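Descriptive analysis of the structure
One letter stands for each residue in the lines below.
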Amino acid sequence: MFVRNKKLAIVITENEQTLHLLKTGDEHAFDTIYKQYYRGLCAFASQYVAETEIEEIVQEVMMWLWENRASLVPELSLKSLLFMMVKNKCLNNITHNQIKQRVHEKLFAKFENQFEDPDFYIENELIALAAKAIRELPEDYRRAFEMNRFDNLTYNEIAERTGVSPKTVAYRISQALKILRVELKDYMPLLMVLLS
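From a predicted model like this one, the values you see are computed outputs, not experimental measurements. Every chain is numbered on its own, with residues counted from 1 as its sequence reads. Residue-level local features of this predicted model are given only where pLDDT is at least 70; pairs of side-chain atoms are given and counted only at 80 or more, and the full residue set underlies all totals for whole chains, interfaces and linings. The side-chain quantities take in all heavy atoms of the structure and omit both hydrogens and water.

A few points about the overall build of the protein
For the record, the criterion: Elements are defined by DSSP. Helices are runs of H or I of four residues or more, strands are runs of E of two residues or more, and each kind is numbered from the N terminus. Buried residues are those whose accessible area, probed at 1.4 Å on protein chains only, stays under 20% of the maximum for their type, while exposed residues exceed 50% and partly exposed ones sit between those limits. We call two residues in contact when some of their heavy atoms are within 4.5 Å. In these tables, accessible area is a Shrake-Rupley quantity obtained with a 1.4 Å probe, and a residue counts as shielded only by the protein chains included in the view.
Check the secondary structure of the protein and you find nine helices and zero strands. Along the protein, helices (α) and strands (β) appear in the sequence α-α-α-α-α-α-α-α-α when read from the amino end. Looking at the protein as a whole, 35% of its 196 residues qualify as buried. In the protein, the share of contacts with a sequence separation of at least 24, taken over all contacts with a separation of at least 6, comes to 66%. About 12,400 Å² of surface is accessible on the protein, with carbon and sulfur atoms providing 52% of the total.

Looking at the nonpolar core
Applied cut-off: To qualify as a nonpolar core, a set must consist of buried Ala, Val, Leu, Ile, Met, Phe, Trp, Tyr and Cys residues joined through side-chain atoms within 4.5 Å.
One finds M62, L65, L82 and V86 to be the most contacted residues of the largest nonpolar core, which totals 26 residues. Elements supplying a minimum of two residues to this core: α1 (6-23), α2 (27-45), α3 (51-67) and α4 (78-112). The greatest single-element share of this core, amounting to nine residues, is contributed by α2. Leave out the neighbours within four places in its chain, and V86 touches L41, F44, A45, I57 and V61. Formed by 20 residues, the second largest nonpolar core is a distinct cluster that contains L137, Y141, A176 and L184.

Section: the confidence of the model for the protein
Cut-off, in case you're wondering: Values of pLDDT, the confidence the predictor places in each residue, fall between 0 and 100.
Averaged over all residues, the pLDDT of the protein is 78; the fraction at 70 or higher stands at 72%. The spread of mean pLDDT over the elements of the protein runs between helix α9 (residues 188-195), the lowest at 54, and helix α7 (residues 155-162), the highest at 92. Low confidence marks residues 1-13, where pLDDT is under 50. Its contacts with residues over four positions away, or in another chain, come to four contacts.

Brief notes about the pattern of salt bridges
Working definition: two side chains of opposite charge can pair if their charged atoms are close together. Condition: What makes a salt bridge here is a side-chain nitrogen of Lys or Arg within 4 Å of a carboxyl oxygen of Asp or Glu, nothing more.
In this structure the tally under the stated criterion is eight salt bridges. Across the pair E146 and R142 runs a salt bridge whose closest N-O atoms are separated by 2.6 Å. Here E146 pairs with R142, and both are found in helix α6 (residues 139-149), just four residues apart, close to one helical turn. A relative accessible area of 23% places E146 in the partly exposed class. Residues participating in the shared-partner salt-bridge network are E60, K89 and R181.

Considering the packing of α2 against α3
In plain terms, the rule: Inter-axis angles, ranging from 0 to 180 degrees, are taken between N-to-C directions of lines fitted to C-alpha atoms, where helices are fitted over the stretch in contact. If you view the pair so one helix is near and one far, a crossing is left-handed when the near helix is turned anticlockwise from the far one by less than a right angle, and right-handed when it is turned clockwise. Note that Gly is not counted as nonpolar here; it falls among the polar residues with everything else outside the nonpolar set of Ala, Val, Leu, Ile, Met, Phe, Trp, Tyr, Cys and Pro and the charged set of Asp, Glu, Lys and Arg.
At their nearest, the axes of α2 and α3 sit 10 Å apart, and the two run at 150° to each other. As for the relative orientation of α2 and α3, their crossing is right-handed in sense. Here E27, F30, I33, Y34, Y37, Y38, L41, C42 and A45 of α2 come into contact with α3, specifically with I54, E55, V58, Q59, M62, L65 and W66. Here the contact of α2 with α3 is composed, by residue class, of 13 nonpolar, one polar and two charged.

Quick notes on the packing of α3 against helix α8 (residues 166-183)
Let me state the cut-off plainly: The cut-offs work like this: below 35 degrees is roughly parallel, past 145 is roughly antiparallel, 65 to 115 is roughly perpendicular, and the gaps in between are oblique.
At a minimum axis distance of 10 Å, the contact between α3 and α8 shows a crossing angle of 100°. In terms of orientation, α3 and α8 fall into the roughly perpendicular class. Between α3, through E56, Q59, E60, M63, W66 and E67, and α8, the contact on the second element is made entirely by K167, A170, Y171, Q175, L177, K178 and R181. Tallied by class, the residues present in the contact of α3 with α8 amount to five nonpolar, two polar and six charged.

Re the side chain of R142
To keep it simple, the criterion reads: Between N or O atoms, a polar contact is any pair within 3.5 Å; within protein, one atom must be a potential hydrogen donor and the other a potential acceptor, and residues adjacent in sequence are included only when both atoms are from side chains.
We classify R142 as buried; its relative accessible area is 19%. At a separation of 2.7 Å, a polar atom in the side chain of R142 contacts the side chain of E139.

Topic: α7
This is how it is decided: The reported arc concerns the directions from the helix axis to the C-beta atoms and nothing else.
Among the residues making up α7, those that are buried are Y155, I158 and A159. Along α7, the residues classed as buried sweep out an arc of 105° about the axis, all on the same side. Along α7, the residues that are exposed and aim more than 90 degrees away from the buried face are E160 and R161. Taken together, the buried residues of α7 touch α3, α6 and α8. Just beyond α7, the residue with positive phi is G163, at close to 75°.

Below, the structure written as C-alpha cells:
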C-alpha cells in the first residue's frame, strides 16, 4: 500500500501490529488498547447514556474485543470499530430503556384494578424472582455482580478486594448478566429498572 503521509503510514502500521498481537492472544496488547481507549470511549458514551450505564457499556465492548480477537482483520481501524460499537450499544440501550418504560406501563395498567398498589405488588414479585436467579449464579459471578450492582463498587475496586484483574471482574459480571438475561428473559425490562 502506498501512503503519501508518513504519519498516516505509521498509524496504519501500528494498527496492524496491534491487531496482529491481539489476534495471537497477547494480553499486554489488550491492556495497552484498554488503557489507550477507555477514557475516550467513556467520554463518548456520556453523550448518549446516563453516567451509571457508561462503564458497563465500555466494558462490554472491551470484552467483545477480547473474546472475538481471532476474527479481527488487519485492515480494520481499531479506533473506528471501538467507537462505532460503543455508539451502537448506547443507542440500543436507549431503545431498551424506552421498551422497559412501555412494559412497565402495560403491567401497571394490567394490575391497577386488581391491587391497591400495583407497583408494590409487581416490584415485590420481580424482586423475589431476581433474588432467586442471583442466588443461583456461580459464586464468583454472583459476588462480582452483587458488589457492582448493590455495593456500587467499580470494576477496579472489586478487583482490588477480590485479588483478580479488572478484566476478570468485567468478564464475571458480563457472564452473570448473560445468565440472568436467559433466566429472567420474560421479566428483564422491568428487572433492569429495579437492579440499575
